[in-house]
Every structure is written in structure tokens, then in C-alpha cells.
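Below, each chain spelled out in residue letters.
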Amino acid sequence: MEKSISFILNGKKVLVSCNPLKTLLKTLREDLHHIEVKSGCEQGECGSCTVIIDGKIVNSCIFPVGQAAGKNIITIAGLCKKPTLKGGLHPLQKIFIEEGAVQCGFCTPGMILAAKVLLDRTLTPTDEEIREAISGNLCRCTGYSKIFNAVKKASVFLRNEKK
Amino acid sequence: MKKTISKKLTRSVIPRLSMDNFHSVGKTVPRNDVFEKVTGIAKYIDDYKFGDMLYGATVRSAIPHGNIKSFNSDRALKIDGVAAVYTHKDIPGKNEVPFILNDYPLLASDRVLFHGQPIAIVVAKTPEIAKFAAKKVEVTYQELPAVTSVHESLKKDAVKIFSSDNIFRKYDIVRGDAEKAFKNADVVVEGTYTTNYQVHSYLEPQGMIADPTPEGGVVIYGSMQCPFYIHDAIVHILGIPQNKVRVVQTTTGGGFGGKEDVPSIVAGHAALAAYLSKKPVKIIYSREEDFQSMSKRHPGYIEMKYAADKKGKIIACQVRYILDAGAFSTLSPIVLWRGAVHLAGPYNIPNVKIEALAVATNKVPCGAFRGFGQPQTTFANESLMDELAVKLDMSPLELRRLNMMNVGSRTATGQKITRSCGLEKVVRQVVKKSDWDKIYLPPEKRDGTIRTGIGIAASFYGVGLGAGGKHLDRAGSYVQIQKDGTVLIAIGNTELGQGVFTVISQIAAETLGAPYKFVRVMKPDTTRVPDSGPTVASRSTLMSGNAVKNAAGIIRLRIDKMVLKMLGVKSGVVKSDGKNYFLSANPKKKINYQDVVKKCYGERINLTSSGWYTGEDVTFSQENGQGNAYYAYSYSATAAIVQVNTETGEVEVKKLVSGHDIGKAINPQLCEGQIEGGVIQGLGWALTENLVLKNGIILNPSFAGYLIPTSSDIPEIIPIIVEERYGDGPYGAKGLGEPPMITPAAAISNAIYNATGWRTNELPATPEVLLKGTRNRHGSREHGTDTEL
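Quick caveat, the model's predicted, so the values are computed rather than measured.

A. Representation of the overall build of chain A. Of regular secondary structure, chain A possesses five helices and five strands. Across chain A, helices and strands are ordered from the amino to the carboxyl terminus as β-β-α-β-β-β-α-α-α-α. Taking 163 residues into account, the globule formula puts the C-alpha radius of gyration at 15 Å, and chain A, at 16 Å, falls close to it. In terms of overall dimensions, chain A has a C-alpha envelope of 50 × 30 × 30 Å along the principal axes. Counting across all 163 residues of chain A, residues that qualify as buried make up 59%. Intrachain contacts of chain A at a sequence separation of at least 6 include 53% that bridge at least 24 residues. Carbon and sulfur atoms make up 52% of the accessible area of chain A, which totals about 7,100 Å².

B. Up close: the interface of chain A and chain B. At the interface, 45 residues of chain A touch 51 residues of chain B. Across the chain A to chain B interface the summed buried area is about 3,900 Å²; carbon plus sulfur atoms make up 57%. Among the residues chain A hides against chain B, the three largest losses belong to A:Gln103, A:Cys104 and A:Arg140. Together they make up 20% of the total. Counting every contact that joins chain A to chain B gives seven salt bridges. The salt bridge partner of B:Glu676 is A:Lys146, with a shortest N-O separation of 3.3 Å. Linking chain A with chain B are 28 residue pairs in polar contact (both at pLDDT 80 or more). In terms of residues, the side of chain A that touches chain B owes the most to one element, helix 2 (residues 91–98) of chain A, which gives four residues.

C. Region of the structure containing the pattern of salt bridges. Taken as a whole and assessed by the stated rule, the structure comprises 46 salt bridges over all chains. A:Lys38 serves as the salt-bridge partner of B:Asp47, at 2.6 Å between the closest nitrogen and oxygen. Placement of B:Asp47 in the loop between helix 2 (34–38) and strand 1 (54–60) and of A:Lys38 in the loop between helix 1 (24–31) and strand 3 (50–53) is noted, with the two residues assigned to different chains. A single burial state applies to B:Asp47 and to A:Lys38, both of which are buried. The partner of B:Glu652 in a salt bridge is B:Lys654, and the shortest N-O contact between them spans 3.3 Å. Overall, the relative accessible area of 42% leaves B:Glu652 in the partly exposed class. For B:Lys654, a relative accessible area of 35% translates into the label partly exposed. Beyond isolated ion pairs, a larger network of salt bridges with shared partners links A:Arg29, A:Lys38, B:Asp46, B:Asp47 and B:Lys282.

D. Fine view of the sheet that holds strand 2 (residues 66–72) of chain B. Residue and element names in this part refer to chain B. Here three strands make up an open sheet; going across it, the order is 4-2-6 and the pairing antiparallel. Each end of this open sheet is capped by a strand with a single partner; those strands are strand 4 (111–112) and strand 6 (138–143). The pairing of strand 2 with strand 6 spans six bridges and is classified as antiparallel. The residue of strand 6 that forms the bridge with Asn72 is Glu138.

E. How the structure looks around the packing of aromatic side chains. Residue and element names in this part refer to chain B. Applying the stated criterion across every chain yields a total of 19 aromatic pairs over all chains. Arg297 extends its terminal NZ or CZ atom over the ring of Phe369, reaching a point 4.2 Å from the ring centre. The aromatic ring of Phe182 is capped on one face by Lys305, whose charged end is 4.7 Å from the ring centroid.

F. Quick peek at the sheet that holds strand 2 (residues 12–18) of chain A. Residues and elements named next belong to chain A. An order of 2-1-5-3-4 is seen for the five strands of this open sheet, with the pairing classed as mixed. In this open sheet, the two strands that pair with only one neighbour each are strand 2 and strand 4 (56–59). Geometrically, the sheet is characterised by an average inter-axis angle of 40 degrees between neighbouring strands, direction not taken into account. When strand 3 meets strand 5 (residues 72–74), the two strands line up antiparallel, connected through two bridges. Looking across to strand 5, one finds that Ile53 is bridged to Ile73. Across the face of the sheet, helix 1 comes into contact with strand 1 (3–9), strand 2, strand 3 and strand 5 while running at roughly 100 degrees to strand 2. In the packing of helix 3 (residues 108–121) onto the sheet, the strands contacted are strand 3, strand 4 and strand 5, and the crossing angle to strand 3 comes to about 30 degrees.

G. Fine view of the state of the cysteines. Following the criterion strictly, the structure yields zero disulfides over all chains and no others. Of all cysteine sulfurs, the one in A:Cys139 lies closest to A:Cys107, which takes part in no disulfide; the gap is 4.0 Å. Counting only cysteine sulfurs, B:Cys317 is the nearest neighbor of B:Cys421, a cysteine outside any disulfide, at a range of 18 Å.

H. Fine view of the nonpolar core. Residues A:Phe96, B:Ile220, B:Tyr306 and B:Ile748 are the most contacted members of the largest nonpolar core, which totals 224 residues. For A:Phe96, the residues in contact, after removing those within four places along its chain, are A:Ala101, A:Val102, A:Thr108, A:Met111, A:Ile112, A:Ile147, A:Ala150, A:Val151 and B:Val38. By size, the runner-up hydrophobic cluster in this structure holds 34 residues, among which are B:Ile491, B:Leu583, B:Tyr593 and B:Val596.

Conventions and cut-offs
Positions within a chain are numbered from 1, following the residues in the order the chain's sequence is written. Think of it this way: whatever chain is written first is A, whatever ligand is written first is 1, and the rest follow in order. The predicted origin of the model limits local features to residues at a pLDDT of at least 70 and limits the giving and counting of side-chain atom pairs to 80 or more, whereas totals for whole chains, interfaces and linings rest on all residues. Heavy atoms throughout the structure, all of them, feed into the side-chain values; hydrogens and water do not. Counting from the N terminus, the helices are DSSP H or I runs at least four residues long and the strands are E runs at least two residues long. Every radius of gyration here is taken over C-alpha atoms, with the globule rule written as 2.2 Å times N^0.38, N being the number of residues. The buried label goes to any residue with under 20% of its type's maximum accessible area, the exposed label to any with over 50%, and the partly exposed label to all in between, with areas taken from a 1.4 Å probe on protein chains only. The contact criterion used throughout is that any non-hydrogen atoms of two residues lie within 4.5 Å. Each accessible area is a Shrake-Rupley estimate made with a 1.4 Å probe; only the visible protein chains count as cover when residues are assessed. Reported buried area values correspond to the accessible surface (1.4 Å probe) lost by two parts on association, with both partners' losses combined. Here, a salt bridge means any Lys or Arg side-chain nitrogen found within 4 Å of an Asp or Glu carboxyl oxygen. We define a polar contact as two N or O atoms separated by no more than 3.5 Å, with the added condition that, inside protein, one atom must be a possible hydrogen donor and the other a possible acceptor, whereas residues neighbouring each other in sequence contribute only through side-chain atom pairs. Whether two strands pair comes down to DSSP finding at least two bridges between them. Aromatic rings from Phe, Tyr and Trp, taking only the six-membered ring of Trp, are treated as a pair when their centres fall within 6.5 Å; an angle between ring planes under 30 degrees marks them as stacked, one over 60 as edge-to-face, and anything in between as tilted. Consider the ring centre and the ring normal. A charge sits over the ring if Lys NZ or Arg CZ is within 6 Å of that centre and within 35 degrees of that normal. Here an angle of 0 to 180 degrees is reported between the N-to-C directions of two axes, which are lines fitted to C-alpha atoms, with helices fitted over the stretch in contact. In this description, the term disulfide denotes a pair of cysteine sulfurs within 2.5 Å. Definition used in this section: a nonpolar core is a set of buried Ala, Val, Leu, Ile, Met, Phe, Trp, Tyr and Cys residues joined via side-chain atoms within 4.5 Å.

Listed below in C-alpha cells is the structure:
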């Protein structure tokens, strides 16, 4: 039942040979060694495995890899080219650090990607839109307060950068 | 003896820094593990792969109570890729997971006591094959009746799950003469309170890898809070010497107590399979399996009475407190103890009588969860405080102010509070920041369909393990300055997300006079420092902080000597700004930190040291529950502002103002993070998190059925930090991890009462519970603690 499936992953074309019903999460983690995509529930409920597919957030744990064929997929590793401690981070990553929006870090990659999809759509999100945009990504550590502040601050930063 | 030595070190070795002029302590610096977390490169246990690794899956009991009639793994073993199936018969050491009472078998032998109890481990080439094969293992049972409520379990003729009475542990705390005081009281209030389970819901599920070593030992890597607990467990299970077992923590995706005790089971299974198969074995739990078998917050059942005089002075408190511990005791005895010691609340009450019981039922074993019994007891005592205020015709605030603890007060265990008590300050600030005076109105003066209410709850929290766990309450450290000036630190406490590595780095940087950015804390590893106890009870900053401060202080003395030499002076007070050293008498002449380190290495000065810390002695009498239970207490209060829809019973929390006296905030932003995260766990427990069981079986073991708060449920949160310095804490710090979880639920429940006049004695306060309360509001309702359908 193996099939060749190709898609764009973080800007590069990749080819995998696997059962098209295998989840995208398992394909990314096991076949392509993209361990930055985390597995929290495998039931599509927690958002730890969030990736961006053609501009939309997707829980990769319930997404069959067969459906990813030809699509453009971004993981947290695709957000910045060569990050170092001194620079190269995406503004969202930088501001998550400044605002103290990270604790255990397990939800963080998915959370930042969910926020990115929102900010790609609008740089003037309402408070309600921010809450809504990350509501599919569970976090048990932070109480979301600092995450919310970080997303809000990032929207202002990116807005100013655009001007 | 140890105590005296460590105390002397603290006082004489540490450079006399001006308390208000820190370069690292008290500053919001970025966490030192944050880069790998925002880029996704941090490695959690499931991100590791070893060559020739096998994967384990657990065969679990399909029933809540029964005898195992037959076990057959033939079909599983025939599946391609299955390497072995291990049962209790294969355990080389003892078939016990050592917690406190050692009643929990690693793998069931003849009897199962809860649905989900481990019976066998299947190992295979892939996790999928292992899970598939685990389902093919055939187990037949002779079913026995399941005891699912504590009340049923306590009956004389009940089926016996543990010992002859189903009681894992009982404590009595007796101070003064409560019975006499109740007879003479002007006002008496009483209530019965029940609380449901809470599931930790850490985002990273439980997981371990065990790697066998050529010399017949095993190395454990995994998601954990307490490497030394696991170390003890593996030695016990495999029957091998302690120096053949090594436990290393990997980046851990949340714990909240859920990775305190039960990871010893996961690690025990992985270690057994690795030891026997001679191959690395990885076990990662599915979310469903994690829900079904791992520990929970205990359901609580609390009958409580307060007696007061006419003026509102509380004269007595009487309580019967029962925890539903589930099938095995794990940490229930000590969870019970903490709740019992704090049961009378943060009030000065001369007569106290508390009876506390941890009772066995045929349900998932409960264990450690942030707050450790105190959220349950605080819900009861703080709800009843409000009832007392109503009866006395006082405001809830006035009553608390009249009775709250201060220096000179005594706790229920008779302990005199002698220092560092900031409760009054905490309450004052919480009242101010919540606009209490503007918002508070008695419930009878509120009307309309949607009503606003405000409520408050306060608590005190013994930092560390206290007298209940004092034999474990020590911490070691190893600090070394490398040749380039960077600092490596080994401690025994783990980073779970709370930020302890950052706090420890700040303490080390401050003491050494090194830049914060130069300091790195290594992942805890049992071969690096002596058993430093568990990472629980808000103890890491205080215990590991002091152990690191002691070690760094020893190194700093050597550095100071070198600085004096380099400056060509015989004596003087050496200070640091975090980059340079200088004499307090001549701050303009500076010597660079790295130059001093280089010079020390050149002159063969030892810039490494180990450190050790044990706290003041603590006591507890088994007879009457009297003694100095803890050496220090943190103090907390939370005000909640809610809106209640009186037609639908829906509650929206609008604001949570949560204040905490923690001695000293080493990193204010991390402290805020602890408060915000804790109060939202409290909000979830208060309103939405509702685990449902039927005949001992969990019906909603997933995030789809068990609702933890999402970003859409979050009110405005105002964290407040009060600093009543604790002289024996590192730079005055006490502890903060657990307290933020303790008061919010009671505050929310009191706010619901203030909005509507509905008193709920049951958590979670779902719309159904609240509306049921409006129909039957006379006296306290009867609830089972097992939340059966």
C-alpha cells in the first residue's frame, strides 16, 4: 500500500514513500525526522502537532499524509532560516521570549504557528480574534495570558515594520 | 549536625551583598531554555531514538475489580515483530512500585483493583505492533463487586481493597478543646463539601526510555519530576545495586504533580523490558491511556464546622476530611497530611479537631497534583468562612481580616508563626486591585438575569515537604566555573516549565558575581548530585537555590581573595556588578570577571564546589497532630469577579486577582507565569473539568470529553507578588509553584454566591450543579465523592 507522495516542506520539495493513510504527524516525525512537530494527543484535540498547510492551521495528527500531496507545509522550523541565540528568529518567536509566553514549551511550536496564520491574515486582530485563533491550541502551563500578550505585541511590531 | 553546618555556611560564606543592589536576582531575564523551545529543537522523550530500540505497550485490566483467572500471550507472541511479553513472573526484584506503603504492584499477579491496572508489557519493533499485540493478549477474570465510593468503602461489611478497613492512612489533629468551644459558641456554621477529580493534562504524555548497560545496569531517560524516586524504584524492581542505575531527565512537557509519583511505573516497565531484552525500550503513553491509568487530584469529601463569638472571632473548627484515594495508596498518605495540616485555613483558631482519612476504592489511584490536597480543603474552609460571614452579618472581608494569621498566630498544629507572614499585605493588595470596595454588595441587593459577583479566598502554604516528608527534604548541588568563565551547575531538581533552571542560574550568577548569561544548569542526572528529594511542594527555589548558593558562596570566597590580590590590597569588601569585581571602598577600579577566572586557573585555584542544604527541623506528633509542621509558609489570596446567568447557570469569570507572599521574587516574570497558569488550572477545576466515571471506569478519557480551559475561557488576570523576606531562603525566597492553584476555585464559588445567593458545595460548579442548587437550597446536599452517573 506504499505510495510516493511529494510536498513542499519548509520551502523544500520532499518525497516520501509510505501508506497514504499514515498521519502527516507520523510521517513528519518518523520518516522526515521533523521532531519539532509534537505529538500531544493524536486525537486532533490539543494542537501540539499544528502545522501550516497552504496557509491554514492543521492538526497533523489526524491529517492523512496522502492529502498533503502537492501542498505547501510549514513547521516551526520553517519560520526562520538559521536561528541563533543572537538573531534570525521570527518576530513571533522573539516576542514569545520577551513576554515570557513559554513554560514547558510543548505547545509552543503549534501555538506560534497558529498565531502566525492569524497575523498573516490581519495585523490588526481584535482581542477576540486572537483568543479565537489560538483556541485550538491547548496550553496547561501559562494560563494563556502571556501568550495572548505576545501575539498582540507581535501584531503591533509587524504592523510597524510594514509601515 | 548537618543542619548546623549548612546554616553556618549560609551565614558566613556568602558575601555580604546589599539586599537591594542585585545584578541578577529580582530581575526578569529570559528563561535559559527558551531558544530551543520557540524553535522546536528542544528534545522531549519521544524525540529520542536509540539503535535497535524496542517499543513497549501495556496490557491493562479491563475491569475495575476481580481475580485474574487466566493469562495467555500466545497469540500476541506470534505476531511478526513482537519480541516478548513480560509479566509479574519475570520481575527479578520486588513486584512493587515503592511509594510510601508499597502496595502498588508493578504488574498485577492474581488480582486487579482498578480498570486500567497494568498486567503485562509487550515489546515489539514498532509502537504500532506493540499496541496491536497488547490487545491480543488474552486475560480472563472472575469479576468482583467494585467499591466506587468512599462511604461504601468505609462500611464495616465493605469488600476489602486494602488491609482490614480500606483506610490507607488516618490523621488526627487536636488542639485545645473544640467540643467545649462549640458548646459555648454564639454562632455555629457547618457544611459538607465535595470536589471532583482533576486530570493534570500536561501536554506531553508520560514517556520513558530504558537503556541497558553492559555491566548489568540500566539508564533511564524520560519525562519526570523526580529522578531519585525513579532511581529507588528501578533498584527495588530489578534487585540491582544503586550504582548500576542512572536516571536522566529529558525536557519535560509539564508535570503539575502528575510526573511526581507515577512515572516510576512507566520507568519500571521500560526498565524491566530493557533489562530482560537487553535492548533499549521506549514507552510513550497514548492520551487515553494516560487519562485512564495515571494519577489524578483526589476527589474530596469534607464535613466542616466553624464556631465563633458574636464579634466574629472564630473560636473553634471541627472537620472530617476524606480523600478518595483509588485502588493503591501512591502518595495519598502525604497528600492527606498536607491538606489536614492546612485544613483550618490561614486563621488563628485556638480549638481545632480534625479527622482525616485516605480511603481505598476500585478506581484509578490518585496522587500528587499541584496544591496537594489543599485546593480541596481550601474550597471547604473558604466557602464556610463566607457562610459564617453571612450568619454574623459581616462582609466576607471583615471576617477574614479579624481572624487572619500574622506573626504570633498559631496554626492548627500549634505552630507559632514567628516571621515572614505577609497575608495581611496580600489581602490588602488583592482588595485594592480587584476594586473590592466598589464591586462588593450583599447578594440580596443584586438583581437581573446576568449578575456580577465578587468573592475572595485566602490560604497559607507550607513550603517544602514539612514534617510529613522531612527525611527527603535535602538538596545537593555541584557548581563549577569553567576556564572561559562559563558556569555549569548540577542540581537534583527538575525543570518542568516552571523556570527553576533560570531561577537557579540567577542565584548562582548573583552569588558568584558572574553574568547570568554565562550560567547553564544541566539536565538532572542521579549520578551528578546526591538524592536531593523530589521536585514538588514549591521547594526547588528554596532547597536547590540554597544548595547552589552555598556551593557558589564557597567559590566566591576564593574569587574574592584573588580579587584582593589582583588589586594589591590586603583587605576590603569585594562587590560585583555581574561583569566586574570592585572594592566597595573604590567602585571605580574594576576587574573583569573572566580575567579573575583566568588568573584563578593560572594559579591552580579550585573554582568548583559541591553544596548541600537542609532546612530547619520540623515536627509532627502522630498522637495529636501537634508540632512545627513546616519551616516556612507562603501566603495567598485570590479575588474573583464573575458574571452569572441566573437562567442558564452559566458562569463567566471576568477577572482573577491573585496575590502571593513568596519572600522574594527571584524572577518576577516567571513568578507571574506561575500565578497565571495556576489560577487558570483553578478556574478549570472550579467550572469545567469534569471527569465522569461509571462503575469505576472513566467515560471521558480525552481532551474532547474533559474540558481544560482554552484561550477563549480566560479572564483578565492580575498577579500580585508580596515580598516578606524569609531569612533562611536564598535571597529571602520561599516558594510559589503550588499556591496559585489553591485559592481560585473557592474564590470563584464565593463570587457565584455573591452574585446570586446560590451556595454550591460541589465542584465543578457546572450549570447543572448550580441550577440544581437553586431548586434545593436548604442545607448542604448529599454527594458521593465518586461522581458516578
